[in-house]
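Below, each chain spelled out in residue letters.
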Amino acid sequence: MSKRVEVVLIYQSLLGLYGDRGNATVLMKRLAWRGYESVLTAVEPGHPLPDTGDVYLLGGGEDAAQVTAVRALKADGGLYRAVDRGAAVLAVCAGYQIVGNSFTVGYKDEVISGLGLLDISTTRGPVRAVGEIISRWNGRDGNDQWLTGFENHGGYTRLGPGVKPLASVEIGIGNCSDGSEGAVAGTVIGTYPHGPILARNPALADHILELALKRELEPLVHPEINKLRRQRLRRVRRSHARSAR
Amino acid sequence: MSISTARLSAATYAGRLAGAASRLAGRGTGASIRGKVMLKLDPSALSKLLVGKRIAIVSGTNGKTTTTHFLAAALRESLGPDANRLVHNADGANLHHGLASALSEHPEADIAILESDERVVGDLIKLGRPEVLVLLNFSRDQLDRHHEIKSLGRSWRTALTQAGTAGPVVVANADEPLVVWAAMAAKEVVWVDTATTWTQDSSLCPECDASLIRIQPDPRSGQDADWYCTGCGLARPKGDYRVESGTIVDHTEHVWDPQLSVPGVFNISNAACALAAAELMGVEPRTALAGMRRVTSPAGRFATARFGTTTARLLLAKNPAGWAEALPLAQSQTVVLAIDSAAADGRDVSWLWDVEYERLAGRSVIATGRRAQDLAVRLEYAEVDYRCIPDLGDALADHPEPVDVIATYTPFQRLRKMGRV
């Protein structure tokens, strides 16, 4: 076996609103179930991000928390070095917005400059996107292609030429009601749904681990997770069909 | 009879009819529909019903039902044979229609002890001119509806500022930064050091958005919980009342052993807030505590019920802070956890991942409710032994030993009905 895999959970006190810690739990367990050793490094503002991390996780948070987090991450600089090293980054919801070029906060729509790790920009949308979301992961097929989660965001995100959308929306709002969801550039993945996202979408969890480890991982069999996926997809589609009628 | 009171009487009567019809149809207590019909026929029913009463309001994310029961019991104890002078929304219906419904059932009462939803506090301050307002805590809950807990705190602060000297005396939890910030707008505050340990929902200063420094209590070194802002002067106020190793120290430094009938250290914190409020309403602490000890299962919480041959204790937990309190109380070898995502539970169950279900390792868990499968996956990752039995009745069937059940709001209400508690 190889070296210990380090999962870095960034500013949980600011960006941990929607069970985002769960993404770290899922990654670490999926490594352990395959016999990999892993370590969780939870970092709070004022403490440096480790330069040894393999996966960096950012989650959801309120406006003020976003501003504090982006300021601290810029001052720290560690996340830029991590991306340069080829470490994997998963940024969810508010975390997704702050890794972009810019986002707005408050009712006055104050523009805040982001980390610029993804070529996206976010402004306040016409209606808040709240509800179950199903999207189709671009470039994937089979059961794994369906991504299921819960989105809750007021900001709408537009993608620039430097990124590709992660998925296409089947039900929900996604980036900005334009049919796209999330964004990908290199080893950086941004997405709106939580749930948390990796608990409901184990293939995405494994994809992130494979990006970080630069190797393929053998599949894991957990029927309960597949059962949850089937149940979510079925129920969300059914209630969507009902409300559309 | 003036036109205004005639309208209220007609609305009350119509509401009662609707409530009775709903009850007969087996749709619950009918309290909510009663209030809805009343407010439809007389939109000012709530403010009319509040007029001329001495009022105390209790609000916060967690513990408001139990705290309101404590406070009502304290006042009843002091009223003795006149206890029917008091009206209390005991069933926990705490929105406008629930409040109107409860008040209309006891029009003769001149003291109202009311639990209020966080969103209704501002209206009650305006409409009812309460004497006392108890503010317990704020934590993430139903985020699909309340996107920012700070906006709730801001609404309390605004209402208190606008009320000025006509506003209530506030009893506030000094350990909760957002509660403190809101309460500071009141004309007078009684601070309660509740020894709260949940700090995950307040990392930024509500006044200036700078980071808060939080110090966890450590009984070994004698370190008390503390917090202060690194940007402005906001800091934890000194408690007038304090919770200290299971006792309540009042503002005269008298130490009371609460000896409550309900379990949990968090209920000692709730009792400390109720004790402070009761004193403001003119009840002696000894009398107040005697009343509070009679509270055993407020609106079904902590009640023991029978489900066929199974004996089960019902615990309610609605959000990560509530689960952090409830999980240590669940001591049975088999624990039943009931999860739903109806509107009243919050449609988003991502909070399951903010609860430390790992604590249940070594126990056998039954996951039930409409979102049992989401919990099953959470337990799979927590490596806790579980069985997934979505139907509540099946999940509770045939347990030879008593079981503890922790449920979110909707399954909790169903279990109360099934177990008649």
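Residues numbered from 1 in each chain as written. Chains lettered and ligands numbered in written order. Predicted model: local features only at pLDDT ≥ 70, side-chain atom pairs only at ≥ 80, totals over all residues.

**Examining the overall build of chain B**
Here comes step 1: Assigned secondary structure in chain B consists of 14 helices and 17 strands.
Here comes step 2: Radius of gyration (C-alpha) of chain B: 21 Å, near the 22 Å computed for a compact globule of 421 residues.
Here comes step 3: Within chain B, contacts between residues at least 6 apart in sequence are counted, and of these 68% link residues at least 24 apart. (Helix = DSSP H or I, 4+ residues; strand = E, 2+ residues; numbered from the N terminus. Rg over C-alpha atoms; globule rule 2.2 N^0.38 Å. Contact = placed C-beta atoms within 7 Å.)

**Some remarks on the pairing of strand 5 (residues 102–105) of chain A**
Residue and element names in this part refer to chain A.
Here comes step 1: Of the two faces of strand 5, only the one carrying Phe-103 and Val-105 is buried; Ser-102 and Thr-104 on the other face are not.
Here comes step 2: Relative to strand 6 (residues 110–113), strand 5 is paired through four bridges, and the arrangement is antiparallel. Each residue of the ladder has a partner; that of Val-105, found in strand 6, is Glu-110. (Buried ≥ 20, exposed ≤ 12 C-beta atoms within 10 Å, placed from the backbone. Pairing = 2+ DSSP bridges.)

**Here we look at the sheet that holds strand 14 (residues 334–338) of chain B**
All names here are of chain B.
Here comes step 1: Strands sit in the order 12-13-17-14-15-16 across an open sheet of six strands; the sheet is mixed. Strands with a single pairing partner mark the edges of an open sheet, and in this sheet they are strand 12 (304–307) and strand 16 (385–388). Across the sheet, the mean angle from the axis of one strand to that of its neighbour is 30 degrees, orientation sign disregarded.
Here comes step 2: Each of strand 14, strand 15 (364–368) and strand 16 is contacted by helix 12 (residues 372–382), which is oriented at about 150 degrees to strand 15, the strand it contacts most. (Axes fitted to C-alpha atoms, helices over the stretch in contact; angles between N-to-C directions.)

**Let's talk about helix 6 (residues 202–213) of chain A**
Residue and element names in this part refer to chain A.
Here comes step 1: Here helix 6 is 12 residues long and its end C-alpha atoms lie 16 Å apart, about the 16 Å a rise of 1.5 Å per residue gives.
Here comes step 2: Among the residues making up helix 6, those that are buried are Pro-202, Leu-204, Ala-205, Asp-206, Ile-208, Leu-209, Leu-211 and Ala-212.
Here comes step 3: Positive backbone phi, at 55 degrees, marks Lys-214, one or two positions downstream of helix 6. (Expected span 1.5 Å × (residues − 1).)

**As for the interface of chain A and chain B**
Here comes step 1: Between chain A and chain B, the residue contacts involve 29 residues of the former and 22 residues of the latter.
Here comes step 2: When contributions to the side of chain A that touches chain B are tallied by element, the ones reaching two or more residues are helix 1 (21–32), helix 2 (63–76), strand 7 (120–137), strand 8 (146–159) and helix 7 (223–244) of chain A.
Here comes step 3: For the side of chain A that touches chain B, a count of residues per class yields 13 nonpolar, 10 polar and six charged. (Nonpolar A, V, L, I, M, F, W, Y, C, P; charged D, E, K, R; others polar.)

**So, helix 2 of chain A**
Residue and element names in this part refer to chain A.
Here comes step 1: Relative to the 20 Å expected for 14 residues at 1.5 Å per residue, helix 2 spans 20 Å between its end C-alpha atoms, a close match to the ideal helical length.
Here comes step 2: At its buried positions, helix 2 is contacted by helix 3 (78–85), helix 4 (94–98), strand 5 and strand 6.
Here comes step 3: Following helix 2 by one or two positions, Gly-77 adopts a phi angle in the positive range, close to 80 degrees.

**Things to note about the packing of helix 7 of chain A against helix 12 of chain B**
Here comes step 1: For the pair helix 7 of chain A and helix 12 of chain B, interaxial distance at closest approach is 9 Å and the crossing angle is 150 degrees. As judged from the angle between their axes, helix 7 of chain A and helix 12 of chain B are roughly antiparallel. Like other packed secondary-structure pairs, helix 7 of chain A and helix 12 of chain B cross with a definite hand, here left-handed. Contact residues: Glu224(A), Ile225(A), Lys227(A), Leu228(A) and Gln231(A) in helix 7 of chain A; Gln373(B), Asp374(B), Ala376(B), Val377(B) and Glu380(B) in helix 12 of chain B.
Here comes step 2: Per-class residue counts for the contact of helix 7 of chain A with helix 12 of chain B are four nonpolar, two polar and four charged. (Parallel < 35°, antiparallel > 145°, perpendicular 65-115°, else oblique. Left-handed = near helix turned anticlockwise from the far one by under 90°.)

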